[in-house]
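Listed below, chain by chain, are the residues.
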Amino acid sequence: MLLEKIEELKAQVKELKANNEEAIEALRIKYLSKKGEISALFNDFRDVSPDQKREVGQKLNELKNLATNKIAELKEAFKACEKEANKIDITRPASPGEVGTRHPLSLVRKEIIDIFARQGFTIADGPEVEDDQHVFTMLNFAADHPARDMQDTFFVNTDASDVTRNIVLRSHTSSVQTRVMERTQPPIRIICPGRVYRNEAITARAHCFFHQIEGLYIDKGVSFADLKQVLLYFAQELFGPETKIRLRPSYFPFTEPSAEMDVSCMLCGGKGCSFCKNTGWVEILGCGMVDPNVLEACGIDSKVYSGYAFGLGVERITNLKYMVKDLRMFSENDVRFLDEFKASH
Ligand code: DAH
């Protein structure tokens, strides 16, 4: 009986497992303390017949040693584990993770917005999927104007019998002008940054989507001189205080008179170089006085109010500031290209 019990406990002790101090101590108490199971066997040992005492005594001692060693082993293993865990210095600062960078177009857009915000312009927004009315008709485009042509504009539905035939992806942010004017009476002083779409083959110099910022100021007695001053401030803030501007007559359906603005070449300062094709000037935006037809189409009395508008391409200005040669770089998300703008933050 006693021998069986000893064997049974031996088998148990061999399998003992514990991975924290409390559990190990509990095992020690269970087997080796004065009231433990092994001590209980020593009590029973008194009743063993003299001829068996030697054998049972030996086995009992073996069991006790086994249990003592096993508990010591568990303690040792636990200590080693703990030591290993302590090797990790939890107070060490984490290694710096890779941080992202602002996209160059976002950097430039923000810079442009800030310059106009300092002159009292607030931001307005409009839909990218627009109707023909707001993109063309209310902006005084003739019904047969070539910009409506399939070559330039993405139509959402090309089925001529469909009522959604006049839904397009906006081809310029001037559409936000009409959205704002039809719901707001002057004074209006807004800029509208946004993405625009044109049905163009993707090359280094053209893309089927790009970004524009539209400006609009409508109030009583707004003149061309006001427009010129706002644009001069803009150019000098963006390209430096030495920058000069030049306005050349041009044509847009929604402005009269219309102009294109050049700035003195940022590479040669206006002396003439290969970048500006020896003219000393680089074109940066279109502008003009809002055509009275546009004001009337939007419900603004053109006898009382006048205003100016301008529109610029964010990619164009980013190219001029950072000399990016290929427009496709802006949408390829190559981190080597994006990383180059880290210092510009
Ligand atoms: N919408 C024109 C374009 O996409 C840019 C433009 C020119 C906007 C003259 C204007 C403006 O507001 O007055 O090419």
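What you see is a predicted model; the values in this text were computed from it and never measured. (Residues numbered from 1 in each chain as written. Predicted model: local features only at pLDDT ≥ 70, side-chain atom pairs only at ≥ 80, totals over all residues. Heavy atoms only, no water.)

1. With respect to unusual backbone geometry
P187 follows P186 through a cis peptide bond whose omega is 5 degrees. Looking at the secondary structure, you find P187 in the loop between helix 7 (174-183) and strand 4 (188-197). Note the cis peptide between E256 and P257, where omega equals -5 degrees. Along the chain, P257 falls in strand 7 (residues 255-264). Phi angles above zero are rare outside glycine, and N140 is one such case at about 75 degrees. (Helix = DSSP H or I, 4+ residues; strand = E, 2+ residues; numbered from the N terminus.)

2. Quick word on the pairing of strand 5 (residues 209-219)
Most of strand 5 sits out of view: nine of its 11 residues are buried. The pairing of strand 5 with strand 9 (residues 306-313) spans eight bridges and is classified as antiparallel. Looking at strand 9, one finds that G215 is bridged to F310. (Buried < 20%, exposed > 50% of the residue type's maximum accessible area, 1.4 Å probe, protein only. Pairing = 2+ DSSP bridges.)

3. Quick notes on the site of the ligand
Near the ligand, the surroundings consist of 15 residues, among which H172, S174, R198, Q212 and E214 are the closest. Contact between the ligand and S174: a nitrogen atom at 3.0 Å from a side-chain N or O atom of the residue. Between the ligand and the protein, one listed contact pairs an oxygen atom with a side-chain N or O atom of E214 at 2.5 Å. Burial of the ligand by the surrounding chains reaches 88%, relative to a free accessible area of 350 Å². In terms of residue class, the shell around the ligand is made up of five nonpolar, eight polar and two charged. (Near = heavy atom within 4 Å. Polar contact = N/O pair within 3.5 Å; in protein donor to acceptor, adjacent residues only side chain to side chain. Areas by Shrake-Rupley, 256 points an atom, 1.4 Å probe, with all protein chains shown as cover. Nonpolar A, V, L, I, M, F, W, Y, C, P; charged D, E, K, R; others polar.)

4. Regarding the side chain of D132
Within the secondary structure layout, D132 lies in helix 6 (residues 132-135). Within polar-contact distance, the side chain of D132 engages the side chain of T137 at 2.9 Å. In contact with D132, not counting residues within four places along its chain, are T137, R148 and N166. (Contact = heavy atoms within 4.5 Å.)

5. Quick look at the packing of helix 8 (residues 224-239) against helix 10 (residues 314-322)
Each pair of packed helices can be summarised by the angle the axes make with each other and by the distance between the axes. At a closest axis distance of 11 Å, the pairing of helix 8 and helix 10 adopts a crossing angle of 45 degrees. Considered as vectors, helix 8 and helix 10 are oriented oblique to each other. In contact with F234, L238 and F239 of helix 8, helix 10 contributes I317, L320 and K321. For the contact of helix 8 with helix 10, a count of residues per class yields five nonpolar, no polar and one charged. (Axes fitted to C-alpha atoms, helices over the stretch in contact; angles between N-to-C directions. Parallel < 35°, antiparallel > 145°, perpendicular 65-115°, else oblique.)

6. Digging into the environment of P186
Residue placement: P186 occurs in the loop between helix 7 and strand 4. Given the relative accessible area of 9%, P186 is considered buried. If we ignore the near neighbours within four places in the chain, the residues touching P186 are I218, D219, I300 and Y305.

7. What about the sheet that holds strand 8 (residues 281-290)?
Ordered by their spatial adjacency, seven strands build an open sheet running 1-4-5-9-8-7-6, and the pairing between neighbours is mixed. A strand with exactly one partner marks an edge of an open sheet, and here the two such strands are strand 1 (122-123) and strand 6 (245-252). Alignment of strand 6 against strand 7, held across seven bridges, turns out to be antiparallel. Across the sheet, the residue bridging to P249 is A259, located in strand 7. Lying over the sheet, helix 7 contacts strand 4, strand 5 and strand 9, oriented at roughly 40 degrees with respect to strand 5. Packed onto the sheet, helix 8 meets strand 6, strand 7, strand 8 and strand 9 and runs at close to 150 degrees relative to strand 8.

8. Observations regarding the pattern of salt bridges
Taken as a whole and assessed by the stated rule, the structure comprises 16 salt bridges. With a closest N to O distance of 2.8 Å, R248 and D262 form a salt bridge. With R248 in strand 6 and D262 in strand 7, this residue pair connects regions lying 14 residues apart in the sequence. Judged by relative accessible area, R248 falls into the partly exposed class, the value being 26%. (Salt bridge = Lys/Arg side-chain N within 4 Å of Asp/Glu carboxyl O.)

9. Looking at the packing of aromatic side chains
Taken as a whole, this structure holds 12 aromatic pairs when the rule is applied. Judged by centre distance (4.9 Å) and plane angle (25 degrees), the ring pair of F116 and F234 falls under stacked. Here F116, found in helix 5 (residues 104-117), pairs with F234, found in helix 8; they are 118 residues apart in sequence, far enough to count as distant. Neither F116 nor F234 differs from the other in exposure class; each is buried. Put simply, the rings of F116, F121, Y217, F234, Y308 and F310 touch in pairs and so form one group of aromatic residues. (Phe/Tyr/Trp six-rings, centres within 6.5 Å; stacked < 30°, edge-to-face > 60°.)

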